[in-house]
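Tertiary structure, described
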Amino acid sequence: MEYLKITKIEDVVLHKKGIPTIGTLHLTTHHLIFTSKSLTKEIWVPYPLILSVFKNQGSTLLTRYKDLDEMIQYQVPQSFTKIQLSSQKKLIQWYTNNDMWSLINIKIVLKDYTIFSIDFPIDDNIANDVYDSLYNLTLGVSLDQLYAFLYTPNEVELKLKDTSYRLYNLKQEMIRQGLDLDSTDCSWRLTTANQDYQISSTYPSQLIVPTIIPDSLITHCSKYRSKGRFPTLTYYYKRHGNTITRSAQPTPGITKQRSIQDEKLISTIFGLSIIKDQNLIVDARPLTNALAQVALGGGTELMDNYNFNDTTKRLFLGIDNIHIMSDTMNSFIDNFLIDSDIFTELSFRGKLNNKFQNWIKYNKLILTAVDKLSKAMIFNGSNILVHCSDGWDRTAQVISLIQVCIDPYFRTLEGFMVLVEKDWVTFGHKFRERSHHLGSPDCFHDNTTGLFNKKLSLNDNPFTKLRAKTLNVSSNMGGSLHDIDDDLTNQSKKPTFTRSKLAPRSNKFAAPIFQQFLDCVYQLQQQNSNLFEFNERFLRRLVYHVYSCQYGTFLFNSEKEAKEYQNTTRTRSVWDHFRSKKNLFINKDYNHVDFKNEGDNSVENIDWISPDLSNVKWWSQLYGRKPDEMKIDVDEQKTRSGISNIKDESRSNNKRSSSETGTSPGIIESTREFLSFFSLDSYKNYDNDTT
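Here the protein is described in UniProt, under the heading Sequence similarities (unreviewed entry), as follows: "Belongs to the protein-tyrosine phosphatase family. Non-receptor class myotubularin subfamily."

Counting its regular elements, the protein contains 25 helices and 15 strands. Across the 691 residues in the protein, those meeting the buried criterion constitute 58%. Considering only contacts in the protein between residues 6 or more positions apart, those separated by 24 or more positions represent 76%. When the accessible area of the protein is evaluated, it comes to approximately 29,800 Å², of which 48% is carbon and sulfur surface.

Of all hydrophobic cores here, the largest spans 155 residues; its most connected members are Phe416 and Tyr623. If you tally residues by element for this core, the top one is helix α11 (residues 358-380), at twelve residues. Other than its neighbours up to four places away in sequence, Phe416 contacts Val404, Tyr409, Phe410, Phe517, Leu518, Val521, Phe534, Phe538, Leu539 and Leu542.

Along the chain, Ser133 falls in helix α3 (residues 126-139). Among the residues examined, Ser133 registers a relative accessible area of 0% and is labelled buried.

As a further point, take the pairing of strand β6 (residues 104-110). Extensive coverage of β6 is indicated by the burial of seven of its seven residues. Residue alternation in β6 divides its side chains into two sets, Ile104, Ile106, Ile108 and Leu110 and Asn105, Lys107 and Val109, and both sets are buried. Pairing between strand β5 (residues 50-57) and β6: seven bridges, direction antiparallel. The partner of Ser52 across the bridge, within β6, is Val109. Relative to strand β7 (residues 115-120), β6 is paired through six bridges, and the arrangement is antiparallel. Following the sheet pairing, Ile108 is matched in β7 by Phe116.

Here the UniProt-annotated "domain: Tyrosine specific protein phosphatases" (unreviewed entry) positions come out as residues 364-401. Across residues 364-401, helical content stands at 66% and strand content at 13%; the span's end C-alpha atoms are separated by 12 Å.

Looking now at unusual backbone geometry. What is expected of a backbone is that most residues other than glycine have negative phi and most peptide bonds are trans. Positioned with a positive phi, Phe308 is a non-glycine residue whose angle comes to about 45°. With respect to the helices, strands and loops of the structure, Phe308 is situated in the loop between α9 (303-306) and β13 (312-316). You will see that Gln566, though not glycine, has its phi angle at about 55°, which is positive. Positionally, Gln566 belongs in the loop between α18 (559-564) and α19 (567-570).

This next bit is on the packing of helix α12 (residues 394-406) against helix α16 (residues 513-527). Between α12 and α16, the least distance of the axes is 10 Å, while the angle of their chain directions is 20°. Relative to α16, α12 is oriented roughly parallel. Crossing handedness for the pair α12 and α16: right-handed. Residue-level contacts link Gln397, Ser400, Leu401, Val404 and Cys405 of α12 to Ile513, Gln516, Phe517, Cys520, Val521 and Leu524 of α16. In terms of residue class, the contact of α12 with α16 is made up of eight nonpolar, three polar and no charged.

This part takes up the pairing of strand β1 (residues 8-16). Where β1 lies against strand β2 (residues 19-27), seven bridges are found, and the strand directions are antiparallel. Bridge assignment links Lys16 to a residue of β2, and that residue is Ile19. In this structure, the hairpin formed by β1 and β2 is closed by a connection of two residues, where Lys17 is found at a positive phi of approximately 55°. Here β1 pairs with β7 via three bridges, running antiparallel. Residue Leu14 lies in a different strand from β7, and its bridge partner there is Ile118.

With that out of the way, let us pick up the packing of aromatic side chains. Taken as a whole and judged by the stated rule, the model has 42 aromatic pairs. Between Phe431 and Phe554, the aromatic rings sit 4.8 Å apart at their centres with planes inclined by 45°, giving tilted as the arrangement. Placement of Phe431 in helix α14 (residues 431-435) and of Phe554 in the loop between α17 (536-548) and α18 is noted, with a sequence separation of 123 residues between them. The class of Phe554 is buried, set by a relative accessible area of 2%. Geometrically, the ring pair formed by Tyr522 and Trp619 is stacked, given 4.9 Å between the ring centres and 10° between the ring planes. Of the two residues, Tyr522 sits in helix α16 while Trp619 sits in the loop between α21 (582-585) and α22 (634-648), which places them 97 residues apart along the sequence. Its relative accessible area of 3% is what places Tyr522 among the buried residues. With a relative accessible area of 0%, Trp619 lands in the buried category. Grouping aromatic residues by their ring pairs yields a cluster made of Phe416, Trp424, Phe431, Phe514, Phe517, Phe532, Phe534, Phe538, Phe554, Trp575, Phe578 and Phe585.

Rules used throughout
Residues numbered from 1 in each chain as written. Predicted model: local features only at pLDDT ≥ 70, side-chain atom pairs only at ≥ 80, totals over all residues. Heavy atoms only, no water. UniProt positions renumbered as here; feature names shortened; annotations may be inferred. Helix = DSSP H or I, 4+ residues; strand = E, 2+ residues; numbered from the N terminus. Buried < 20%, exposed > 50% of the residue type's maximum accessible area, 1.4 Å probe, protein only. Contact = heavy atoms within 4.5 Å. Areas by Shrake-Rupley, 256 points an atom, 1.4 Å probe, with all protein chains shown as cover. Core = buried A, V, L, I, M, F, W, Y, C linked by side-chain atoms within 4.5 Å. Pairing = 2+ DSSP bridges. Axes fitted to C-alpha atoms, helices over the stretch in contact; angles between N-to-C directions. Parallel < 35°, antiparallel > 145°, perpendicular 65-115°, else oblique. Left-handed = near helix turned anticlockwise from the far one by under 90°. Nonpolar A, V, L, I, M, F, W, Y, C, P; charged D, E, K, R; others polar. Phe/Tyr/Trp six-rings, centres within 6.5 Å; stacked < 30°, edge-to-face > 60°.

Following this line, the structure appears as structure tokens:
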């Protein structure tokens with residue numbers, strides 16, 4: 001491949017989790033590979049997995065030690081055993097022969113939260129060639145040049161009876177849920193109005209709508225919903241005949257436009273269940289965000305037109321957008337994980353006030369909404385229509401988690417695969433954009449000449465950028481990153497490859513939304529471990545394969561785009577990997593419950609779960625850390641709480657601060673409205689309801 005400037009570099013030192021290892025670096029067309037006699041396994045890194053790359057002056061060890069003597073005194077005895085004595089001597093000799101300040105190190109941050117650095121001798125421009133090759137190999141490819149289009153399945157995957165692309169079938173799944181779409185008595189039907197993706201390019205070709213609603217009305221409805229994403233069925237809860245439907249935001253705009261057809265469709269959907277007066281229109285956004293969309297032609301439902309004789313309420317969940325989530329995760333990488341290459345252990349001590357601690361609060365907010373909505377469906381028989389702005393991020397998170405809570409099938413290995421295919425892949429979650437498969441130049445930072453290759457803007461998309469301290473910038477710079485003189489920037493050396501050959505790509509819309517969903521599933525799984533057929537390893541491996549681009553499942557933004565690339569014939573499904581190695585991902589403590597007794601509708605027979613909101617914690621295994629490293633120091637938390645209490649004394653007891661609740665004022669108002677409508681006292685008597 002023309003982009004490969006160098007393919008093999010011997011005697012380089014890799015630093016990972018505080019352990020330096022001498023070995024050989026290989027660069028292939030699709031993978032970075034590190035091998036060493038000191039390692040039991042080779043390290044393989046697919047290029048799409050790369051989040052950020054930094055080329056820095058000096059050895060990686062200089063971020064921790066002032067010189068070689070200090071490294072030998074503290075690092076070597078901790079890192080090596082007697083068995084590795086020969087490697088230890090070789091390591092010391094390597095650094096003795098190379099001045100630590102004259103070395104070049106390349107630090108690589110991966111999307112699965114692995115972080116490592118490699119020290120290179122300054123001779124022969126090796127580090128520059130590696131950096132340039134990584135740039136080319138990460139950015140110089142198109143979608144159909146990714147590894148998934150070349151991947152050859154292994155022998156175990158080839159033994160599968162059929163491809164996992166056939167795992168999900170809409171009709172079969174509806175039959176399982178209790179709807180026979182081919183029956184003349186069914187209140188729902190399969191519409192092919194979008195079979196050519198003319199109504200909505202981001203919706204699947206097959207959709208389910210009420211039988212009495214003609215396709216002509218569907219077409220009118222689509223014009224009133226963002227991206228043509230009209231309300232359509234995604235889950236049928238057969239006990240009450242109530243449903244989860246999904247859509248994008250309506251478009252009333254400033255002029256408060258309405259759509260009689262949209263109102264008719266939603267009214268019909270709500271009227272098909274046994275209980276018809278407990279309906280919810282759920283807007284996953286904060287109220288302020290929804291109102292801000294009005295000026296852009298969007299907005300939210302005007303409840304004067306959608307209350308349907310006081311049978312329907314509207315609820316705002318207050319879940320923030322993709323930019324807030326990516327900013328939070330960036331803060332986590334920058335302020336906690338970034339030193340994973342050089343330190344064996346990390347700690348949350350002193351980091352209680354960091355922005356990244358909001359990640360747990362956001363997950364808890366999502367799970368709180370899911371808990372209440374799940375109970376509304378089970379106890380009140382509520383119909384739920386969920387949307388956010390476009391209906392492919394927060395909407396997918398909420399409705400998928402509800403189904404995990406109320407339907408035990410989706411807690412099996414096969415069922416979870418079906419759920420992901422149904423509500424994420426076919427319904428147009430933008431995996432290509434959110435996962436940033438094709439990368440962008442902003443992910444690469446050369447700090448070895450002048451100061452910067454270019455002036456860094458850390459305010460674009462935080463998920464793919466890190467702060468100045470991440471770049472190993474020399475401490476004699478003075479000032480902040482944004483105070484750097486433009487003249488110094490202009491003096492930086494131009495790259496040795498031609499960037500103009502590479503198409504510019506935006507990382508503006510990258511965000512860990514699907515990972516956040518899996519994080520919430522992890523919380524449910526840890527709290528109800530014997531009710532999930534799959535284990536934690538399955539979820540963690542799934543995060544890896546979202547970014548690895550080894551399989552075709554998570555490469556595309558929509559079903560339409562996947563078909564254009566002929567994904568089912570040119571790539572393999574990611575589920576092949578998990579099905580062929582099922583024994584690795586099965587939870588040995590799983591208690592299978594036979595849920596086929598449809599005649600018994602007692603509460604005890606319903607295998608639903610509820611999140612323990614007091615036990616939402618960091619998914620330490622995902623980040624390669626020990627649980628103790630990611631625990632909040634109790635004494636520090638008490639001190640922080642004491643300071644907060646003093647500051648809050650002057651505030652009204654009825655207006656709790658965001659620091660106490662972990663939510664914004666908009667979220668608090670939404671939660672109050674929600675709790676007042678679905679308090680435990682308002683639940684109907686279950687037994688009376690079934691008679």
